[in-house]
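# Chain and residue survey
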Amino acid sequence: MSQYWSGRFAREGMIWGSEPSPTAWQAEKLFRAEGVESVLVPGAGYGRNTKVFSAGFTTYGIEMSTEALELAAEWDPETTFIAGSALEPQLNVQVDAVYCYDVLHLFLEAERRQLIAACLAQLKPGGLLYFTSFSDEDTNNGRGRRLEPGTYEYKEAKYAHFFSDADLRDHFTGTEIRETGSFPESLHSSQGGSHEYILRYIIARKTD
Ligand SMILES: C[S@@+](CC[C@H](N)C(=O)[O-])C[C@H]1O[C@@H](n2cnc3c(N)ncnc32)[C@H](O)[C@@H]1O
């Protein structure tokens, strides 16, 4: 997977442009209302979304791709980016909130659970989680070779997990789930193209 992303960042630069996802603004508003001071963004890419948080919170991004990290250091110098895998805890502090955009669906089940466990380990008790991921309502769900229940190789050499609401809630068992939902998201490329797809989100609180 790391080769896939590094190749794309090297070829396309800021793949999805400089605009953050509207969900980053929603999470930022929620985090402010809840008195959050520090935020972790696993799979931060080139900092498109971290920039929303680093304007007001101490922000950490974990990212595996060197090419993305080079772009991120320029685009969002306020965030502390850590090179490494988000599947393992990387911080030696615990944060007040985690925002994770479109990373969870990239993994098979064992690694999805590992990602959530790593996020929880780096989150203070009572801290907030805001995750987005592909929805089973998206048109790519069910396309291509099935690797696991709900997980399809929907493009050549690229697979994703497509979440139902129940499945997403199941991944966050042990947390206090505050809200879930689905929504259409438009991604605009730096080359001017755009693509619409359906995402789910979940907002939860670490209980202990
Ligand atoms: C779909 S992109 C989303 C990027 C970013 N969240 C955004 O919206 O701009 C997935 C990102 O996760 C990163 N990634 C994939 N596996 C990872 C891992 N195990 N640890 C850290 N980052 C990872 C990729 O390099 C890529 O930047």
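Just so we're clear, the structure is a prediction, and the values are computed from it rather than from any experiment.

## Some thoughts on the side chain of Lys158
Along the polypeptide, Lys158 turns up in strand S8 (residues 158-161). The side chain of Lys158 is buried and forms no salt bridge, while Glu12, the nearest opposite charge, is found at 8.8 Å.

## A closer look at the UniProt feature "domain: Methyltransferase type" (unreviewed entry) in the protein chain
The positions UniProt marks with the feature "domain: Methyltransferase type" (unreviewed entry) are residues 42-131. Secondary structure content for residues 42-131 is 31% helix and 30% strand, and the end C-alpha separation is 10 Å.

## Observations regarding the side chain of Ser133
For Ser133, the position within the fold is in strand S5 (residues 123-134). Not counting chain neighbours up to four residues away, the residues in contact with Ser133 comprise Asp102, Leu104, His105, Phe163, Leu168, Leu199 and Arg200.

## Brief notes about the sheet that holds strand S7 (residues 151-155)
Where strands meet in a sheet, backbone hydrogen bonds hold them as pairs that are either parallel or antiparallel. Across the sheet, 3 strands lie side by side as S6-S7-S8; this open sheet has antiparallel pairing. A strand with exactly one partner marks an edge of an open sheet, and here the two such strands are strand S6 (145-148) and S8. The average undirected angle you get between the axes of adjacent strands in this sheet is 35°. Across 3 bridges, the pairing between S6 and S7 is antiparallel. Paired with Arg145 across the strands is Glu153, a residue of S7.

## Some thoughts on the sheet that holds S5
With respect to topology, 7 strands assemble into an open sheet ordered S3-S2-S1-S4-S5-S10-S9, the strand pairing being mixed. Edge positions in the sheet fall to strand S3 (80-83) and strand S9 (176-188), since each of these pairs with one other strand and no more. Each adjacent strand pair in this sheet contributes to an overall mean axis angle of 20°, direction not counted. As judged from the 2 bridges shared by strand S1 (residues 38-42) and strand S4 (residues 95-101), these two strands associate in the parallel manner. When the bridges of S4 are listed, Val39 appears paired with Ala97. The strands that helix H2 (residues 22-33) touches are S1, S4, S5, S9 and strand S10 (194-205); relative to S5, the one it contacts most, it runs at about 160°. The strands touched by helix H4 (residues 66-75) within the sheet are strand S2 (58-63) and S3, with S3 carrying the most contacts at an inclination of about 170°.

Rules behind the numbers
Residues numbered from 1 in each chain as written. Predicted model: local features only at pLDDT ≥ 70, side-chain atom pairs only at ≥ 80, totals over all residues. Heavy atoms only, no water. Helix = DSSP H or I, 4+ residues; strand = E, 2+ residues; numbered from the N terminus. Buried < 20%, exposed > 50% of the residue type's maximum accessible area, 1.4 Å probe, protein only. Lys, Arg positive; Asp, Glu negative; His and termini not counted. Salt bridge = Lys/Arg side-chain N within 4 Å of Asp/Glu carboxyl O. UniProt positions renumbered as here; feature names shortened; annotations may be inferred. Contact = heavy atoms within 4.5 Å. Pairing = 2+ DSSP bridges. Axes fitted to C-alpha atoms, helices over the stretch in contact; angles between N-to-C directions.

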